[in-house]
Amino acid sequence: QVHLVESGGGLVQPGGSLRLSCVASGNIIGISVMGWHRQAPGKQRELVATITSSGSTRYADSVKGRFTISGDNAKKTMHLQTNSLKPEDTAVYYCYICDWGDDYWGQGTQVTVSS
């Protein structure tokens with residue numbers, strides 16, 4: 001069994017920042033990709049950012065320049081630094097890992113951007 005637990009979500013004013021964290025545990029063989037997705041009310045889940053085991057990163061156009069993903073395969077942890085948050089960033093944020101072709105997801109952490 002593999003478990004992922006997110007933390008760091010909350011309520012923040014527009015322009016603020018949050019640092020999301022995710023810790024993976026269990027029978028993990030070798031993580032090839034770590035990432036974050038999000039799902040806003042009434043919308044489909046969308047990719048936010050990914051990082052590969054070699055350190056290559058990819059971001060959704062909507063968050064480029066504002067969000068930064070980092071990951072540590074050895075510690076099985078990842079972070080998403082979110083800056084200059086906008087109301088449209090409000091969503092449940094889910095972390096995931098790809099381990100030998102299998103995807104595992106966390107339960108999600110709520111991020112609400114509102115004044």
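Above this text sits the structure in question.
Starting afresh in each chain, residues are numbered from 1 along the sequence in its written order. Under the rules for a predicted model, residues below a pLDDT of 70 receive no local features and side-chain atom pairs below 80 are neither given nor counted, while totals for whole chains, interfaces and linings still include all residues. The side-chain values count all of the structure's non-hydrogen atoms but skip hydrogen atoms and water molecules.

Chemist: Is there a simple way to think about the overall build of the protein chain in this case?
Modeler: Each helix corresponds to a stretch of at least 4 residues labelled H or I by DSSP, and each strand to a stretch of at least 2 residues labelled E; elements are numbered beginning at the N terminus. A tally of regular secondary structure across the protein chain gives zero helices and eleven strands. Ordered by position in the sequence, the α and β elements of the protein chain form the string β-β-β-β-β-β-β-β-β-β-β. Put simply, the radius of gyration uses C-alpha atoms, and a globule should come to 2.2 Å times the residue count raised to 0.38. Against the compact-globule benchmark of 13 Å for 115 residues, the protein chain has a radius of gyration of 13 Å, which places it among compact chains. For the C-alpha atoms alone, the extent of the protein chain along its principal axes is close to 45 × 25 × 25 Å.

Chemist: What is the right way to read the pairing of strand E10 (residues 102-105) from this model?
Modeler: Regular strands show a simple pattern: their side chains alternate between the two faces of the sheet. Strands are treated as partners if at least two bridges between them are detected by DSSP. Of the pairings in the sheet, the one linking strand E9 (residues 91-99) to E10 comprises four bridges and is antiparallel in character. Across the sheet, the residue bridging to Cys98 is Asp103, located in E10. Where E9 folds back onto E10 in an antiparallel hairpin, the turn is made up of two residues, including Trp100, whose phi is positive at roughly 50°.

Chemist: Help me out: how do you make sense of the state of the cysteines in this one?
Modeler: Throughout this description, disulfide means a covalent bond between two cysteine sulfur atoms. When two cysteine sulfur atoms lie within 2.5 Å, the pair is treated as a disulfide. What the rule picks out here adds up to one disulfide. For Cys22, the disulfide goes to Cys95, at an S-S distance of 2.0 Å. Across the S-S bond of Cys22 and Cys95 the torsion is about 55°, and the bridge reads as right-handed. Here Cys22, found in strand E3 (residues 18-26), pairs with Cys95, found in strand E9; they are 73 residues apart in sequence, far enough to count as distant. Judged on exposure class, the residue Cys22 and its partner Cys95 are both buried. Note on Cys98: no disulfide assigned, nearest cysteine sulfur contributed by Cys95 at a separation of 14 Å. Burial classes: relative accessible area under 20% of the type maximum marks a residue as buried, over 50% as exposed, and values in between as partly exposed (1.4 Å probe, protein chains only). By relative accessible area, Cys98 is classed as buried at 16%.

Chemist: Even after reading the chapter, I still don't get the side chain of Thr90, so can you show me in this structure?
Modeler: Tracing the chain through its elements places Thr90 in the loop between strand E8 (77-82) and E9. Side-chain polar atoms of Thr90 contact the backbone oxygen of Pro87, separated by 2.9 Å. Counted as a polar contact is a pair of N or O atoms within 3.5 Å, where, for protein atoms, one must be capable of donating a hydrogen and the other of accepting one, and residues adjacent in sequence contribute only when both atoms are in side chains. Polar contacts involving the side chain of Thr90 include one to the main-chain amide nitrogen of Val113, which spans 2.9 Å. If we skip the residues at most four places from it in the chain, Thr90 touches Ala40, Gln110, Val111, Thr112 and Val113. In this description, contact between two residues means that some pair of their heavy atoms is separated by no more than 4.5 Å.

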